[in-house]
Amino acid sequence: MDTMEKITALCKRRGFIFPSSEIYGGFQGFWDYGPLGVELKNNIKCQWWKSMVYEREDVVGFDAAVIMNPTVWEKSGHLKAFTDPLVECKKCNYRFKVDSVGDKCPECGGEFTEPKTFNLMTEVLLGTTEPKEKSYLRGEITQGVFVNFENVVNSSRVKIPFGIAQVGKAFRNEITPGNFTFRSREFEQMELEYFVRPDEKESKDMFEYWKEERIKWYVSLGIKKDKLRFHEHAEGERAHYAKYATDIEYEAPFGWSEFEGIHHRGDYDLRNHGLSYKDPQTGEEFTPWVIETSGGVDRAMLFFLIDAYFEDGERIVLKLNSKIAPYKVAVFPLLANKPDLVEKARDIYHSLKETGLSITFDSRGNIGKRYFAQDEIGTPWCVTVDFETLEDKKVTVRDRDTAKQERIEVDKLVSYFQNELAK
Ligand code: GAP
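Since this is a predicted model, take the numbers as computed values, not measurements. (Residues numbered from 1 in each chain as written. Predicted model: local features only at pLDDT ≥ 70, side-chain atom pairs only at ≥ 80, totals over all residues. Heavy atoms only, no water.)

Draft legend 1. Spotlight on the packing of helix α2 (residues 35–54) against helix α9 (residues 297–308). At a closest axis distance of 10 Å, the pairing of α2 and α9 adopts a crossing angle of 110°. Relative to α9, the element α2 lies roughly perpendicular. Where α2 approaches α9, its residues Gly 37, Leu 40, Lys 41, Ile 44 and Lys 45 are matched on the opposing element by Val 297, Asp 298, Ala 300, Met 301, Phe 304 and Leu 305. Partitioned by chemical class, the residues of the contact of α2 with α9 number seven nonpolar, one polar and three charged. (Axes fitted to C-alpha atoms, helices over the stretch in contact; angles between N-to-C directions. Helix = DSSP H or I, 4+ residues; strand = E, 2+ residues; numbered from the N terminus. Parallel < 35°, antiparallel > 145°, perpendicular 65-115°, else oblique. Contact = heavy atoms within 4.5 Å. Nonpolar A, V, L, I, M, F, W, Y, C, P; charged D, E, K, R; others polar.)

Draft legend 2. Main features of the pattern of salt bridges. Under the defined criterion, the tally for this structure stands at 42 salt bridges. Where Glu 186 meets Lys 169, a salt bridge forms, and the shortest distance between an N and an O atom there is 2.8 Å. Linking Glu 186 in strand β10 (residues 186–196) with Lys 169 in strand β9 (residues 162–171), this pair joins segments that are 17 residues apart in sequence. In this structure Glu 186 comes out as partly exposed when scored by relative accessible area, which is 27%. When the shortest N-O distance is used, the salt bridge between Arg 271 and Asp 267 registers 3.0 Å. (Salt bridge = Lys/Arg side-chain N within 4 Å of Asp/Glu carboxyl O. Buried < 20%, exposed > 50% of the residue type's maximum accessible area, 1.4 Å probe, protein only.)

Draft legend 3. Molecular detail of a nonpolar patch on the surface. A grouping of Leu 334, Leu 335, Phe 387 and Leu 390 is seen on the molecular surface, where their side chains present a nonpolar patch of about 300 Å² in accessible area. Mapped onto the elements, Leu 335 comes out in the loop between β19 (329–333) and α10 (339–353). Accessibility expressed as a relative area gives 34% for Leu 335, which makes it partly exposed. (Patch = residues over 30% accessible without salt bridge, like charges linked within 9 Å, V, L, I, M, F, W, Y side chains within 5 Å. Areas by Shrake-Rupley, 256 points an atom, 1.4 Å probe, with all protein chains shown as cover.)

Draft legend 4. Summary view of the environment of Arg 398. Within the secondary structure layout, Arg 398 lies in strand β22 (residues 394–399). Assessed through its relative accessible area of 6%, Arg 398 is described here as buried. Sequence separation of Arg 398 and Arg 271 is 127 residues, and the distance between their C-alpha atoms is 57 Å. Within the local environment of Arg 398, its side chain forms a polar contact with the side chain of Asp 375, the two groups lying 3.0 Å apart. (Polar contact = N/O pair within 3.5 Å; in protein donor to acceptor, adjacent residues only side chain to side chain.)

Draft legend 5. Representation of the sheet that holds strand β4 (residues 83–88) in the model. Taken together, the three strands give an open sheet; going across it, the order is β5-β4-β6, and neighbouring strands pair in antiparallel fashion. At either end of the open sheet lies a strand with only one pairing partner, and these are β5 (95–97) and β6 (116–119). This sheet shows a mean twist of 50° between the axes of neighbouring strands, independent of strand direction. (Pairing = 2+ DSSP bridges.)

Draft legend 6. Highlighting the side chain of Ser 358. Structurally, the position occupied by Ser 358 is in the loop between α10 and β20 (359–361). For Ser 358, the side chain forms a polar contact with the main-chain oxygen of Pro 326, separated by 2.6 Å. Not counting the four nearest positions on each side in its chain, Ser 358 is found in contact with Glu 39, Pro 326, Tyr 327, Lys 328 and Val 329.

Draft legend 7. Structural view of the nonpolar core. Core analysis: the biggest nonpolar cluster contains 53 residues, and Phe 16, Ile 44, Met 190, Tyr 218, Phe 259 and Phe 304 have the highest contact counts within it. Contact partners of Phe 259, with chain neighbours within four places excluded, come to Tyr 218, Ile 223, Leu 228, Ile 248, Glu 249, Tyr 250, Gly 295, Gly 296, Arg 299, Ala 300 and Phe 303. By size, the runner-up hydrophobic cluster in this structure holds 21 residues, among which are Phe 361, Val 395, Ile 408 and Leu 421. (Core = buried A, V, L, I, M, F, W, Y, C linked by side-chain atoms within 4.5 Å.)

Draft legend 8. Looking closely at the site of the ligand. Around the ligand there are 22 residues in total, and Glu 140, Thr 142, Ser 184, Glu 191 and Glu 258 lie nearest to it. A distance of 2.8 Å separates an oxygen atom of the ligand from a polar atom in the side chain of Arg 172. Here Gln 189 contributes a side-chain N or O atom positioned 3.0 Å from an oxygen atom of the ligand. Look at the ligand: alone it shows 560 Å² of surface, and the protein chains cover 94% of it. When contributions to the shell around the ligand are tallied by element, the ones reaching two or more residues are β10, β13 (255–266) and β16 (289–296). Sorting elements by how many residues they give to the shell around the ligand places β13 first, with six residues. Split into classes, the residues belonging to the shell around the ligand amount to four nonpolar, eight polar and ten charged. (Near = heavy atom within 4 Å.)

Draft legend 9. Structural view of α9. Taking 1.5 Å per residue, twelve residues should reach 16 Å; α9 reaches 16 Å between its end C-alpha atoms and fits that length. Looking only at α9, the buried set comprises Val 297, Asp 298, Arg 299, Ala 300, Met 301, Leu 302, Phe 303, Phe 304, Leu 305, Ile 306, Asp 307 and Ala 308. (Expected span 1.5 Å × (residues − 1).)

Draft legend 10. The environment of Leu 352, seen in detail. Among the structural elements, Leu 352 can be located in helix α10. If we ignore the near neighbours within four places in the chain, the residues touching Leu 352 are Val 329, Val 331, Leu 357, Ile 359, Leu 413, Val 414 and Phe 417.

Draft legend 11. Spotlight on the sheet that holds β13. In space, the seven strands of this open sheet follow the order β3-β9-β10-β16-β13-β12-β11, with mixed pairing throughout. Edge positions in the open sheet fall to β3 (59–62) and β11 (228–232), since each of these has one partner strand only. Between one strand axis and the next, the sheet turns through 25° on average, direction left out of account. Bridging between β9 and β10 involves ten bridges; their strand directions are antiparallel. Bridge pairing in β10 links Gly 168 to Gln 189.

Draft legend 12. Structural detail: unusual backbone geometry. That bond from Glu 130 to Pro 131 is cis: its omega, -10°, falls within 30 degrees of zero. Within the element layout of this structure, Pro 131 appears in the loop between β7 (122–126) and β8 (133–137). For the peptide bond that leads from Ile 160 to Pro 161, omega is 5°, which places it in the cis range. Here Pro 161 shows up in the loop between α6 (149–155) and β9. The phi dihedral of Ala 403 is positive, around 60°, even though this residue is not glycine. Along the polypeptide, Ala 403 turns up in the loop between β22 and β23 (405–409).

So this is what it looks like as structure tokens:
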């Protein structure tokens with residue numbers, strides 16, 4: 001099996017990701033997140049929110065509706081320009097992105113038509129009376145922030161330069177979803193729209209600043225530095241709204257691939273929505289420029305999984321950073337048939353759970369199998385209660401990556417894990 005097959009199989013086996021509506025054969029481009037997947041995904045979003053909103057003074061959060069007045073999409077240019085050029089096979093009628101295929105159809109060897117453009121927006125019909133009202137599932141989460149720009153300025157004490165952060169679902173009618181969750185039709189984005197004065201130098205400096213900040217964030221959560229690079233967009237490559245753009249790319253098993261886009265959107269969006277800003281001190285009025293950082297949550301999760309995947313003989317280890325690992329600690333009794341040990345282990349499990357950390361309990365099989373199972377889902381620490389614990393009030397704490405074991409007093413476990421997680 002190649003790495004992607006192994007990751008896909010692990011995700012299904014251990015409850016990270018399943019094909020959507022699998023019992024009916026799945027649905028192309030849609031995925032469901034299982035008990036461990038939702039933890040990993042939530043942890044990624046929480047870490048992002050922490051670094052973008054809580055640790056900063058100049059950013060506030062937002063959560064806009066998925067479906068908006070369709071005029072938003074007319075003004076934003078998405079109805080006209082949010083397109084992919086596709087070719088269609090004359091024999092089997094399959095459609096492909098122009099840049100993803102050669103001269104002949106990879107399905108049947110047939111010839112292609114000339115490229116045609118297809119819009120990526122997903123239409124929805126609302127109401128009960130005909131004709132129903134047409135709108136769209138948002139193709140990017142971004143427009144909800146732009147159309148609320150004045151609401152945020154008037155209701156909070158933000159002053160330029162400042163940012164608005166948002167995490168939420170986006171939908172694209174992708175013609176060729178693939179590479180597991182990499183290109184889906186429903187996915188989540190985590191975005192910052194950072195508003196600056198309309199000034200070439202200031203905006204360029206901010207663009208460079210955010211490029212560095214975002215790559216640092218991925219590295220701080222464990223992505224290997226040499227697997228990341230910037231890719232500057234050439235003239236014809238840029239989205240319709242971008243003055244200039246750089247992607248952060250990751251070297252996936254299927255090649256260097258976009259992780260996150262950093263875009264200089266200029267005044268494109270605010271101007272098209274007829275919005276502007278008045279400086280509260282000087283009274284000066286202008287249309288701010290926007291530097292955007294736009295990452296995919298599902299894509300981040302996939303790349304975190306790929307990057308963390310490690311095989312040591314039979315043993316599979318997900319070396320996930322402890323801040324994003326689905327479970328922080330697993331607690332075991334050494335033997336499942338000794339009530340004293342089980343009771344003590346359950347006491348410790350409950351006291352650790354009270355801290356709000358995500359903790360699991362396991363008493364199945366032998367201790368070796370339990371370590372094996374926790375390594376495979378990336379649990380950084382395992383706590384074992386043995387006969388000595390009943391005497392000396394200490395437990396064995398085993399580290400996932402080094403397999404090193406140390407004895408720690410039960411009373412000190414909470415602070416031990418809190419310290420480790422704060423590193
Ligand atoms: N607001 C700007 C914007 O949406 P984008 O480069 O089109 O920019 C940003 O998308 C990020 O969203 C991408 O870098 C990727 O991580 C994620 N993304 C885009 N399309 C996706 C898809 N079909 N499936 C999963 N993630 C996707």
